[in-house]
Amino acid sequence: MSGTTGVPLARITGTGRYLPEQIMSNADLEKLVETSDEWIRTRTGIRERRIAPVGVTAADMGAEAGRRALRDAGVDAADVDMIIVSTATPDRLLPSTACDVQALLGSPRAGAYDFSTACSGFPYGLSIAQGHIAAGHAETVLVVCTEKMSSIVDWTDRTTCVLFGDGAGAAVVQRGAESSGRILSSFMKSDGTLAELLYRPAGGVRIPIDSTVLETRTHTLKMAGPEVFKSAVRSMCEAAEGAIHRAGLKPEQIDYLIPHQANLRIIEATARYAGVPMEKVFVNVDRYGNMSSASLAVAFDEARESGFVTPGSLALLVAFGAGFTWAANVVQL
Ligand code: COA
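Here's what I pulled together on the structure shown here. What you see is a predicted model; the values in this text were computed from it and never measured.

Analysis parameters
- Residues numbered from 1 in each chain as written.
- Predicted model: local features only at pLDDT ≥ 70, side-chain atom pairs only at ≥ 80, totals over all residues.
- Heavy atoms only, no water.
- Helix = DSSP H or I, 4+ residues; strand = E, 2+ residues; numbered from the N terminus.
- Buried < 20%, exposed > 50% of the residue type's maximum accessible area, 1.4 Å probe, protein only.
- Pairing = 2+ DSSP bridges.
- Axes fitted to C-alpha atoms, helices over the stretch in contact; angles between N-to-C directions.
- 1 Å grid on protein atoms, 1.4 Å probe; cavity = no way out; pocket = protein on both sides within 12 Å on 5 of 7 lines; lining within 4 Å.
- Points joined across faces, edges and corners; volume = space filled by probe spheres on them.
- Nonpolar A, V, L, I, M, F, W, Y, C, P; charged D, E, K, R; others polar.
- Domains from an automatic or database assignment.

Details of unusual backbone geometry
Omega for the peptide link from Leu 94 to Pro 95 comes to 0 degrees, which places this bond in the cis form. Locating Pro 95 in the fold gives a position in the loop between strand 4 (82–86) and helix 4 (97–105). The omega torsion across Gly 323 and Phe 324 is -10 degrees, close enough to zero to call that bond cis. Backbone geometry at Ala 118 places phi at a positive 50 degrees, although glycine is not the residue there. You can call Ala 118 buried: its relative accessible area is 15%. If you check the backbone angles, Ser 292 has positive phi at about 50 degrees while not being a glycine. With respect to the element layout, Ser 292 can be found in the loop between helix 10 (285–288) and helix 11 (293–305).

Thoughts on the pairing of strand 6 (residues 140–148)
Across the nine residues that make up strand 6, a large majority, nine, are buried. Alternating residues of strand 6 divide into Thr 140, Leu 142, Val 144, Thr 146 and Lys 148 and Val 141, Val 143, Cys 145 and Glu 147, and every residue in both groups is buried. Bridge count between strand 4 and strand 6: five bridges; the pairing is parallel. Looking at the pairing, Val 85 lines up with Val 144 of strand 6. As paired elements, strand 6 and strand 7 (residues 166–175) share nine bridges and run antiparallel to each other. The partner of Cys 145 across the bridge, within strand 7, is Gly 169.

Some words on the sheet that holds strand 11 (residues 256–259)
One open sheet holds the four strands; their spatial order is 8-13-12-11, and the pairing between them is mixed. The sheet terminates laterally at strand 8 (183–190) and strand 11, the two strands that pair on one side only. Averaged over neighbouring strand pairs, the angle between their axes works out to 15 degrees when direction is ignored. Of the strand pairs in this sheet, strand 11 and strand 12 (residues 314–321) are connected by four bridges, and their pairing is parallel. Within strand 12, the position partnered with Pro 259 by the bridge is Val 318.

Focus: the layout of surface pockets
Estimated volume of the second largest pocket: approximately 280 Å³. As for the second largest pocket, its lining consists of 20 residues, and the residues nearest its centre are Thr 15, Asp 72, Asp 301, Arg 304 and Glu 305. Contributing elements (two or more residues each) for the lining of the second largest pocket: strand 1 (10–18), helix 3 (58–73), helix 11 and strand 13 (325–332). Element by element, the count of residues in the lining of the second largest pocket is highest for strand 1, at six residues. Residue composition of the lining of the second largest pocket, by class: six nonpolar, seven polar and seven charged. There are two domains that each give the lining of the second largest pocket at least three residues, and those are domain 1 (10–178) and domain 2 (183–332).

Structure, rendered in structure tokens:
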């Protein structure tokens with residue numbers, strides 16, 4: 001499905017985030033693989049990332065981000081109708097991480113399920129929440145994006161391990177006629193023919209884990225960096241344009257760009273295309289690296305909390321991820 005236009009009455013009423021305390025700097029990575037702070041900073045914009053300790057899971061981080069989003073919205077966990085979780089790093093293959101989050105939060109009447117759109121999880125999640133509300137399935141949906149990327153990267157592969165970090169972000173989406181927080185448009189797209197440019201080859205049903213998999217580390221994340229870079233820029237621009245068009249707006253009416261935080265150079269290229277000056281673009285990739293779907297959820301929460309975005313203005317949220325998937329929303333703040 002490529003998206004829906006202007007489904008009314010779904011609003012973001014609260015956001016939250018959780019970031020593990022432990023910081024891994026570029027200097028720390030210099031001790032693990034042959035790399036340098038200078039290379040990582042100039043190629044990606046990343047200075048440091050957070051690493052969750054052993055024992056802290058995607059559900060733990062997601063539940064904490066969810067708790068904070070519910071507090072921000074003034075909603076009791078008992079009143080949540082649906083919990084949807086985006087994660088590329090589920091706690092277990094069965095059942096869903098969303099059910100673990102539901103148990104941790106104590107939301108007795110909530111439906112719960114995971115969805116898998118990698119780094120595009122936040123705009124996909126907002127769109128799915130909007131759909132549940134429009135269809136009358138739910139009044140209050142909790143969208144959780146939580147990723148323990150440190151558990152799936154190959155810590156001997158310098159081309160990937162320097163890019164990622166751990167964290168979680170969440171948003172409460174509710175039915176409501178007020179304009180603040182309104183999701184004005186959604187755009188979603190995919191191209192599965194490019195799956196093997198960014199993927200984990202083994203560990204699923206197609207290639208189950210065995211000793212060869214462990215030796216060759218094919219259960220960890222593999223990426224063709226330069227090819228992914230080009231697709232990311234192209235797709236983020238398409239999603240941006242699509243969401244602006246579906247909101248019935250012109251690019252110059254967008255006040256802020258809040259993009260997925262994979263690489264500063266991808267962010268700059270997207271901003272140039274969308275015609276948004278860099279001072280209106282929220283950036284935190286320097287502090288957290290790429291937290292897959294959690295990146296945009298955390299960025300949106302930080303942009304709201306810090307006052308970077310002003311009430312009443314229009315923000316464009318846009319992301320790209322494995323699949324490939326790409327998606328965007330225009331949100332009234
Ligand atoms: N430290 C030092 N050197 C490194 C390195 C590292 N961590 N990783 C790669 N290199 C080297 C390469 O081996 C290569 O060396 P060579 O020229 O001797 O072969 C050189 O740096 C250039 O590598 P290349 O892959 O062409 O660099 P790049 O400018 O394309 O940057 C990425 C690499 C990964 C930063 C960039 O391609 C990128 O950001 N891609 C998109 C990744 C992404 O966003 N993925 C998630 C999408 S949601």
